[in-house]
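Below, each chain spelled out in residue letters.
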Amino acid sequence: MRTMQSQSTDLYSEYVRDWKEKGGKVLGYACVATPVEIIEAAGVLPYRIKAFGHPDTELGDAYLARFNCRFCRSCLQLGLEGSYDFLDGLVETNGCDHLRGMFENWQHVKKYDFFHYLKVPHFLREDSLEYFTDELALMRDAVAGFAGTEISDDALREAIDTYDEVNAKLKRLYALREQTPPAVSGTEVMQVLCTGSSMLGRDFSDLLDEVLEEKAKARVTDYKARLMIMGSATDEVDLIADIESTGALIAADALCFGSRSFWTRGGESGDPLALLAERYLGHLFCPRMFNDYERRIEYVLDTARRAGVDGAIITYNKFCDLHGVESVSQRMDLERAGIPVLVLEKDYGSKADTGRVKTRVQAFLERLGK
Amino acid sequence: MAKIEIRQHEGLIDRAYEAFSIIDYLPDDLSDEEMEGVLHVLPGDLARTMEAFLARRIRKTSILFLKRMNDWLKNAHRTKQEGGKAILVPFNFPPEAVYIFEGAWPVTSEVLSTLGVLALEGQGERYWDYAMGLGLPDSSCSANMIEVGSVLTSEDFTPDAIISDCFGSCDINSKTHEFLARYMDIPLLFLEKPVDNTERGVNQYYKYFFKLVEEMEEFLGQKLDEDRMREVLGLANQASELYWELWDLHKFRPCPVPNIFSLMTYGTRFTQWGTQNAVDTMRSMVDVAKQRLEKRDYPADEEVARSLWTYTSYYYDMAGLFNWMEESGITHLGDGLDLVFPSVIDLTSRETMLRGVAEIARNMPMTRQMGASSMSVQWLEDITWAARELDADCCIYCGHHSCKQTWSGASVVRSELMKRERIPTLILQGDSWIRRMTPMSALQEYIEEFVKNVVKRG
């Protein structure tokens, strides 16, 4: 866990450096709709792009604008200033307007030899699922060409099995956090997830074994309230730490870097690409998906009930349209279910926001009588 | 919950409907004295709007345009009263795809917001504030949120269904309408454009479009009637031909097409294409432009600059933008919303007609550019093409603060336009529908400085 803590906010971690030094290739992706199994089946390291609350955005602002989400501007900044030069290519998705802009500008400047655009439908229906399955076939061909190898169905199945294993272990980790008293904090879980998002599934699986063993008997006792956090893409370990520093415990989440990246990955198809299409498009609990709110809020309520939370924090980055609008319905439905809510619009990575965030969380805890 | 109270009959659509009904009492043309009299009795915000529309050089066409918009509003009410369905659509959904159904009437979200801003005292601010009171983000798009805010009060005209075809090309637009549908329990139909310009992507779009038509048939309880389709789409074809005639007229120097016709063109396109009213308004605009060309008339001593607006314009002060520019010698050649690329539909059969409408829908503004494989590339290509065609000296990006998708590409588009075409772009910032953010006087200063120091020297 200590190793993980030291690496969890390191973009070019020891693990990635080692991989590169051995001649390994790395593909960057940003959206949770990207089936990393395809990348891993090609023997390439899938790397989820992060900014870890990086506060500078001058270069990002020159291409995007201050009306774009700062998470995307920060990632773009890191891409343009060279921090991501270890990437060998990018996989874009149409996750949201900001993300598309980030990728387009990044590629416009950096001109990677490998740049693949995975087009993800915005709704789930038989025809969109078929389209997405075809998209995955195109992605498989493109990644195979990039890696100079073939991606067989067997290799894909193996990668799918690996991630099933990872997901099962992550659920065990989440159970350790949900129990009373918890064995692991929200900050630690975020660190684990961020570390894992820069690793091969098989290595992450091994690491999770170590974490689970180390944490099995640990206990977190010093907290006032159990909260759930949900909202837009954030890899801000510091944000979770700031919230927990007020005496809250993040006992559950429905974050894009958190449970939404692995919790529900069901599917029945025998064909591996069709299975991946079902797993990703069929369980993409992101507000980008149209006409699917009922399933999303059910997922949120189930999570909140399971973890027995005292309240929920809905957080989103300023200018995030998807989560900004969604937060209104979520707040209403959570409150209707008897779960108090704090809606926390914030500027990604802004240290100037730290005090305000803490004050609002403290006030929320007081509201909860904690 | 929101604290701003909207009482019965205070909704935007209801108020706009009342305000616009005044137009019925106006003759088809007015003398200057009559016009002064009209402006004198109108409330301030509406008087300012009418001042723009009733400028002598465009007065007759403006009155026709406003009367036709009034008809459009009236018919939305009438359709509901007669048991038909009013369907809320975004501007990038072709209204003729609704008119082809008997007893269905398209009400266009952004146009309703604009009419509210144009006609109502206090413009659309109270409805925006109501939406903010519900907790909707202040970075939302006022083009939708003003009208949606009013419907959310439950004290306004409520549509019977919503069609959304913005996801993939505008997150905030699609989320706003999805929210409205859920909050008000209104049926939601949708159409996605895959961000994929390959043949596969285009065919997938057609599939989705045909599925939407099936859903509309089911919702409206009717099968499309081929004769009605032919009639409606025949009128749409006539309007499209007039659109291209007007487009060509823009190419002359000085430009014979009045600035505000840009707004009137897409105001008509987004609401009435497929009706005789659209044909009449388009014809009137063509006639005025032709007369001006013949006389070599231009509202200023000389045409100083020809500007193409790359996305939207500003709509909270028509006189302050369109008329002021023209009187300062700055032509507004149109904006991104004018790039509607209307094609003439083959009326042979149901299939050819539906395919024609699908193709038109695929090329509506925003869908075509922001819903492309690359939003900045397609946008750049379209703007470059338009700038060449219309002989633009410069471009202006209005910088509507909620247009995150265009803000994402604005920098690339500006630099590439300069590199490839030597056309400078002014990037403004503001809210196109809310005057609180950037006053018109400030925008005028920026435009004036840009024209004086960059365009004229270039």
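All values derive from a computational prediction rather than experimental measurement.

K.L.:
What is the right way to read the interface of chain A and chain B from this model?
P.N.:
Where interface size is quoted, it is often the accessible area lost as the parts come together. Each side of the interface is counted separately: chain A has 37 residues, and chain B has 37 residues. Counting only elements with at least two residues in the side of chain A that touches chain B, the list comes to α4 (58-63), α6 (97-110), α7 (126-147) and α14 (321-336) of chain A. When residues in the side of chain A that touches chain B are grouped by element, the largest group, eight residues, is from α14(A). Across the side of chain A that touches chain B, the residue classes tally to 18 nonpolar, eleven polar and eight charged.

K.L.:
I would appreciate a short explanation of the pairing of strand β1 (residues 26-29) of chain A in the present structure.
P.N.:
Note on strand geometry: in a regular strand, side chains alternate between the two faces of the sheet. All names here are of chain A. Where β1 and strand β2 (residues 45-48) come together, four bridges link them in parallel fashion. Bridging from a neighbouring strand, V26 pairs with L45 of β2. Handedness of the crossover joining β1 and β2 through helix α3 (residues 36-41) is recorded here as right-handed. Note: β1 against strand β3 (residues 89-93), three bridges, orientation parallel. In the sheet register, G28 faces β3, and the bridge partner there is L90.

K.L.:
It is not clear to me how the confidence of the model for chain B should be interpreted in this structure. Could you clarify?
P.N.:
Low pLDDT marks stretches whose predicted atomic positions should not be read closely. The predicted model of chain B has a mean per-residue pLDDT of 95, with 99% of residues at 70 or higher. The complex model carries a pTM of 0.95, and its ipTM stands at 0.95.

K.L.:
Before we go on, may I ask you to explain the environment of A:T195 in this structure?
P.N.:
With respect to the element layout, A:T195 can be found in helix α9 (residues 186-196). Along the primary structure A:T195 and A:Y15 are separated by 180 residues, whereas in three dimensions their C-alpha atoms are 9.4 Å apart.

K.L.:
Would you mind going over the nonpolar core with me for this structure?
P.N.:
Inside soluble globular proteins, nonpolar side chains tend to come together where they are buried. One finds A:L227, A:M228, B:A16, B:I87 and B:C395 to be the most contacted residues of the largest nonpolar core, which totals 270 residues. The biggest single contributor to this core is helix α11 (residues 226-249) of chain B, with nine residues. Here A:M228 is in contact with A:A251, A:A252, A:D253, A:T303, A:A304, A:A307, A:V309 and A:A312, once residues within four sequence places are set aside.

K.L.:
Even after reading the chapter, I still don't get the sheet that holds strand β6 (residues 248-255) of chain A, so can you show me in this structure?
P.N.:
Sheet strands associate in pairs through backbone hydrogen bonding, adopting either a parallel or an antiparallel arrangement. All names here are of chain A. Here four strands make up an open sheet; going across it, the order is β6-β5-β7-β8 and the pairing parallel. Two strands close off the open sheet at either side, each with one partner strand: β6 and β8 (341-346). On average, adjacent strands in this sheet sit at an angle of 25° to one another, irrespective of strand direction. Inspection of the sheet shows strand β5 (residues 225-231) paired to strand β7 (residues 311-317) by five bridges, in the parallel sense. Across the sheet, residue I229 finds its bridge partner in β7, namely I313. Packed on one face of the sheet, α14 meets β5, β7 and β8 and runs near 170° to β7. Sheet strands touched by helix α15 (residues 354-367): β5, β6, β7 and β8. Its angle to β8, the strand with the most contacts, is close to 175°.

Reading guide: rules and limits
- Residues numbered from 1 in each chain as written.
- Chains lettered and ligands numbered in written order.
- Predicted model: local features only at pLDDT ≥ 70, side-chain atom pairs only at ≥ 80, totals over all residues.
- Contact = placed C-beta atoms within 7 Å.
- Helix = DSSP H or I, 4+ residues; strand = E, 2+ residues; numbered from the N terminus.
- Nonpolar A, V, L, I, M, F, W, Y, C, P; charged D, E, K, R; others polar.
- Pairing = 2+ DSSP bridges.
- Right-handed = clockwise from strand over helix to strand, strands pointing away.
- pLDDT = per-residue confidence, 0-100.
- Core = buried A, V, L, I, M, F, W, Y, C linked by C-beta atoms within 7 Å.
- Buried ≥ 20, exposed ≤ 12 C-beta atoms within 10 Å, placed from the backbone.
- Axes fitted to C-alpha atoms, helices over the stretch in contact; angles between N-to-C directions.

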